[in-house]
Structures are given as C-alpha cells and as structure tokens.
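# Structural overview
So you can see what is in the structure, the chains are spelled out below.
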Amino acid sequence: MGGPNAPASGYFVELDNGRTFVLDMGPGVFVELQKTADPAACELLLSHVHPDHTADIPGLLVWRRFHPTAPSKNKNLLVGPADIHQRIGTMCAAMGDESDSDLSDTFINVRAVPGEALMIGGEPSDGGAVVTPFEMVHPVPTVGYRVEADGFSFAYSGDSAWTEKLVELARGVDVFICEATWCAKEDGVPPNMHMSGYEAGRAAALAGVKKLVLTHIPPYANGEEALEAARTTFDGDIELAYLGMEFGS
Ligand SMILES: [Zn+2]
Ligand SMILES: [Zn+2]
C-alpha cells in the first residue's frame, strides 16, 4: 500500500546496456516511472496480481497504445506467475472495452515459472540480466525474483510469509529487498500472508546477504519497529525502503 511519499509497490531497474525493467506496478509507480524513464520501453515483471502491485498497469497500457508521439515501438515482456496475464487483462477490460483483455498487441506474455531463469534486457553477454523466479507463500500465486546483472545481484521477495525458499532466493545477494509488513508483530497475524521484521532479518542472515532493505510496510505502521525487529535477527546493514532509494554497481 502506498503512502504520501511512497508509491508502492514498484522497483525500477536500469542495466548497464541501457535496457530497463520494472518489478511490480502498484499505485503511483507509473507516475514515478514517467519522471525516470520511457514507460513504453520497460519490460514489466510482476510478483503477483494483488492491486497494490498491479493497479497502475491500465495507465501504462494507455501510454503504450495511445501516446501521440511516443507510443511503444516494440512489444515488451509482461512476466508473471500462473494465470496473471488473463487476470490483468480482465482488470484492464473493466476499464475499457472487451478487447483490452488481450494485451498481446503490446506485450509478450511470459509465465514466470519458479526455478526457470529468464534473460531480461538481452543475453548476459550483452549486459542483460538473469532473473530467476522463486515460489513464495501468499494467498495467490506469487513469485520473488532474484536478479543478477553487471556483477551485481539483488533479490525481491514480493509479498510472502516465511518460507525456506527465501533463503535460496536471496543467497549471497548484494541487496535483499524483503517485505516486513507485520513490522514487530508476530502473534495474532493472519497465516501464510506476510512477514515480520524478525523473519525478514532471519531470511537475510540465513541467506548471507550484504544488505537488507525492508519494504511493504503500511503507511499506518511504524517502520522503525520493523527495523528494530530485523536487527535482532540480522547483524548486517539494514535500511527501510524509501522513494528514490538507489543501489547498484
Ligand atoms: Zn499481495
Ligand atoms: Zn502487497
């Protein structure tokens, strides 16, 4: 869920070869993307279908199809798990006519299959990224993504409850962007949905990451509590995610 200074969820990646992609496109992300890059040139990778990760896609579609001088020149990848393409199509159709449910005029639909690496933005020899989806635990099919490019690596949990797969997802990465929705709360939270800061820290410690970035903290929650919780289980570098945060090689 976004806040006054935090469109969410969405993460922009620019490779050394100039190619770009976005991980998730929740409310406010399309607006920020317009300040940073050509929205019609980005590949789009989705962790899952929940609206706080996809709600800006209809706006992006309008840009890609109807911008008078800069519509999308090429089809870009739309990557996501399970039946997400159909569900995103239905969401867009509800805002236009029925033909909007087929996005194949402007996107190449690619299913994110856990464990099957994808080349995004070109082959690795041409500066492209190797992106590997991992199955996460959430009420709908959800993947986290491990991204390796240009001698730098990061992992993104998407939304997930604790799972051993987090350790595999984030093993040895430079930066682990991990959700900590429950902050310092462990008891009385719904099962199989989200993580606390304690769990995010535990995943970071077991995976041996260099830096942990806590994200997906609701605007009405206290991020400092998530930070303190994570510090009890991970003694490496930890920060709360914020708008405009950058990292890379
Ligand atoms: Zn979700
Ligand atoms: Zn979410």
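Quantities reported herein were computed from a predicted structural model and do not represent experimental measurements.

### Quick look at the layout of surface pockets
If you add up the space inside the largest pocket, you get close to 1400 Å³. Taken together, 48 residues line the largest pocket, and the ones lying closest to its centre are G10, Y11, F12, Y242 and M245. Within the residue set of the lining of the largest pocket, elements represented by two or more residues are β1 (11-14), α1 (29-36), β8 (143-149), β9 (152-156) and β11 (211-215). Looking at the lining of the largest pocket, its residues break down into 29 nonpolar, 13 polar and six charged. Of the voids in this model, the second largest pocket is the one considered here, and its volume is about 280 Å³.

### A word on empty space enclosed by the protein
Evaluation of the coordinates by the stated rule reveals one cavity of 30 Å³ or more. In this model, the largest cavity occupies a volume close to 40 Å³. What lines the largest cavity is V49, P81, D83, I84, R87, V140 and P141. Counted by class, the lining of the largest cavity contains five nonpolar, no polar and two charged residues.

### Some points on the side chain of T106
Checked against the element boundaries, T106 lands in the loop between α3 (84-93) and β5 (107-111). Discounting residues that sit within four places of it in the chain, T106 has contacts with L61, R64, R65, S72, N74, K75 and N76.

### Here we look at the coordination of the zinc ion (ligand 2)
The zinc ion (ligand 2) binds to the protein through D52 (OD), H53 (NE2), D159 (OD) and H216 (NE2); the donor distances cover 2.1 Å. The site at the zinc ion (ligand 2) holds four donor atoms, and with the angles between them running 94 to 159 degrees, its shape is irregular. Look at where the donors of the zinc ion (ligand 2) fall in the sequence and you get D-H-x105-D-x56-H. Separating the zinc ion (ligand 2) from the zinc ion (ligand 1) is a distance of 3.5 Å, and D159 supplies a donor atom to each of them.

### Focus on the sheet that holds β9
The strand order β6-β7-β8-β9-β10-β11-β12 describes an open sheet built from seven strands, whose pairing is mixed. At either margin of the open sheet sits one strand with a lone partner, and together these are β6 (118-120) and β12 (237-240). Averaged over all adjacent pairs, the angle separating strand axes in this sheet is 20 degrees, with direction ignored. Where β9 lies against strand β10 (residues 175-179), three bridges are found, and the strand directions are parallel. What sits directly across from F154, in β10, is V175. Here helix α5 (residues 197-207) sits on the sheet in contact with β10 and β11, set at roughly 155 degrees to β10. Sheet strands in contact with helix α6 (residues 223-231) are β11 and β12, and its direction is about 165 degrees off that of β12.

Criteria and thresholds
- Residues numbered from 1 in each chain as written.
- Chains lettered and ligands numbered in written order.
- Predicted model: local features only at pLDDT ≥ 70, side-chain atom pairs only at ≥ 80, totals over all residues.
- Heavy atoms only, no water.
- 1 Å grid on protein atoms, 1.4 Å probe; cavity = no way out; pocket = protein on both sides within 12 Å on 5 of 7 lines; lining within 4 Å.
- Points joined across faces, edges and corners; volume = space filled by probe spheres on them.
- Helix = DSSP H or I, 4+ residues; strand = E, 2+ residues; numbered from the N terminus.
- Nonpolar A, V, L, I, M, F, W, Y, C, P; charged D, E, K, R; others polar.
- Contact = heavy atoms within 4.5 Å.
- Donors = N, O, S within 2.8 Å, 3.2 Å for Na, K, Ca; no water.
- Tetrahedral: all angles 85-135°; square planar, octahedral: opposite > 155°, others 65-115°.
- Pairing = 2+ DSSP bridges.
- Axes fitted to C-alpha atoms, helices over the stretch in contact; angles between N-to-C directions.

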